[in-house]
Amino acid sequence: MNTFLNGTFSVIHSSATTDFNNYVYSGIYCNATTSITVNNQAINCVQGHLIPLIVKQSGTTLNNNFLLLGNVKPNTPDTGKLGSGDTYTFVDIRTGNQI
């Protein structure tokens with residue numbers, strides 16, 4: 001099971017260190033009691049509380065009222081159709097290797 005599904009976090013990022021390209025964020029730690037916007041939803045943040053949810057970059061307004069908890073993105077190859085041609089990449093589900 002992936003760590004982001006079971007509540008295990010390896011990084012804590014502030015609004016200044018957030019990196020959606022290399023990390024998956026699956027929790028929010030509230031630094032203040034206030035309303036924040038995450039995934040285009042207004043959320044009532046209570047200081048000291050942890051909110052478990054997958055955070056999307058789009059629709060999230062970063063600020064100092066919360067920290068993002070997450071993990072390094074898994075390095076998995078893309079699968080399916082690549083581009084406009086008929087080239088596909090398949091992955092062995094047992095090993096994770098491209099075939």
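Note: the structure precedes this text.
What this report covers is the structure whose coordinates are included nearby. Note that the structure is predicted; figures quoted are calculated from it, not measured. (Residues numbered from 1 in each chain as written. Predicted model: local features only at pLDDT ≥ 70, side-chain atom pairs only at ≥ 80, totals over all residues. Heavy atoms only, no water.)

### Some details on the environment of L67
Part 1 of the reasoning: Along the chain, L67 turns up in strand β6 (residues 66-72).
Part 2 of the reasoning: Relative accessible area serves as the criterion here: at 21%, L67 is assigned to the partly exposed category.
Part 3 of the reasoning: Counting along the chain gives 36 residues from L67 to N31, while the straight-line C-alpha distance between them is 7.1 Å.
Part 4 of the reasoning: Those residues in contact with L67, other than ones at most four positions away along the chain, are I12, H13, S14, G27, I28, Y29 and N31. (Helix = DSSP H or I, 4+ residues; strand = E, 2+ residues; numbered from the N terminus. Buried < 20%, exposed > 50% of the residue type's maximum accessible area, 1.4 Å probe, protein only. Contact = heavy atoms within 4.5 Å.)

### What about the packing of aromatic side chains?
Part 1 of the reasoning: Taken as a whole, this structure holds 2 aromatic pairs when the rule is applied.
Part 2 of the reasoning: Seen from their ring centres, F20 and Y25 are 5.2 Å apart, and the 80 degrees between their planes marks the pair as edge-to-face.
Part 3 of the reasoning: Taken together, the ring pairs in this structure connect F20, Y23 and Y25 into an aromatic cluster. (Phe/Tyr/Trp six-rings, centres within 6.5 Å; stacked < 30°, edge-to-face > 60°.)

### Re the nonpolar core
Part 1 of the reasoning: With 13 residues, the main nonpolar core has Y25, I28, I36, V38, I51, V55 and L68 as its most contacted residues.
Part 2 of the reasoning: Put simply, the parts of the chain that give this core at least two residues each are β2 (23-30), β3 (34-38), β4 (41-45), β5 (50-55) and β6. (Core = buried A, V, L, I, M, F, W, Y, C linked by side-chain atoms within 4.5 Å.)

That's the geometry; what it means functionally is another story.
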